[in-house]
Amino acid sequence: MLTNLLHTFPEAAKKGAEETFETILSRPNLCIERIVSSGQASPPDFWYCQQQGEWVMVIQGAAGLQLENEPDERVLRAGDFVNIPAQCRHRINWTSSEELTVWLAVHYEIPAE
């Protein structure tokens, strides 16, 4: 079980081979995960468009987040966070290649009333 967000990284992440996703907590309408990036970015012309909202925070490292409805990318550094509403198209333009970028992501759904 993961007990510290900044320790015990998966080998694939440490070697820069791939971005890794680890579920920390999963409940109905809620999923918290640690994402570890090592220079990865969204593929060209690819946009995420998720059914659920996502609150994300950079714990370590840096990344460039682009929201489709904003002309400029948001540069996120350690401690920066953003809420991405459901159905908001977004992409990661870059993540740091000098150090691991560690994200805390909270995926949530707001139940219909």
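Please refer to the structure higher up on the page.
Residues numbered from 1 in each chain as written. Predicted model: local features only at pLDDT ≥ 70, side-chain atom pairs only at ≥ 80, totals over all residues. Heavy atoms only, no water.

**Examining the pattern of salt bridges**
- Under the criterion given, the structure shown has 4 salt bridges.
- Between E22 and R34 there is a salt bridge whose closest N-O contact spans 2.6 Å. A residue pair is termed long-range when its members are at least 10 positions apart, and E22 in strand 1 (residues 20–27) and R34 in strand 2 (residues 30–37) qualify at 12 residues.
- Among the residues examined, R34 registers a relative accessible area of 0% and is labelled buried. (Salt bridge = Lys/Arg side-chain N within 4 Å of Asp/Glu carboxyl O. Helix = DSSP H or I, 4+ residues; strand = E, 2+ residues; numbered from the N terminus. Buried < 20%, exposed > 50% of the residue type's maximum accessible area, 1.4 Å probe, protein only.)

**Topic: the environment of I59**
- Within the element layout of this structure, I59 appears in strand 3 (residues 53–60).
- According to the relative accessible area criterion, I59 is partly exposed, its value standing at 23%.
- Sequence separation between I59 and V36 is 23 residues; the distance between their C-alpha atoms is 10.0 Å.
- Beyond its immediate stretch of four places on either side in the chain, I59 contacts L5, L6, A78, V102, W103 and L104. (Contact = heavy atoms within 4.5 Å.)

**Examining unusual backbone geometry**
- The phi dihedral of D45 is positive, around 65 degrees, even though this residue is not glycine.
- Along the chain, the position of D45 falls in the loop between strand 2 and strand 3.
- Assessed through its relative accessible area of 74%, D45 is described here as exposed.
- With phi around 70 degrees, Q87 is a residue other than glycine that occupies positive phi space.
- Assignment of secondary structure puts Q87 in the loop between strand 6 (81–84) and strand 7 (90–95).

**What to know about the pairing of strand 1**
- Relative to strand 2, strand 1 is paired through 7 bridges, and the arrangement is antiparallel. Bridge pairing links E22 to R34 in strand 2.
- Adjacent in sequence and paired antiparallel, strand 1 and strand 2 are bridged by 2 residues, among which N29 carries a positive phi angle near 70 degrees. (Pairing = 2+ DSSP bridges.)

**Some words on the sheet that holds strand 6**
- Spatially, 5 strands are ordered 1-2-8-3-6 in an open sheet, and the strand pairing comes out antiparallel. The sheet terminates laterally at strand 1 and strand 6, the two strands that pair on one side only. Geometrically, the sheet is characterised by an average inter-axis angle of 20 degrees between neighbouring strands, direction not taken into account. (Axes fitted to C-alpha atoms, helices over the stretch in contact; angles between N-to-C directions.)

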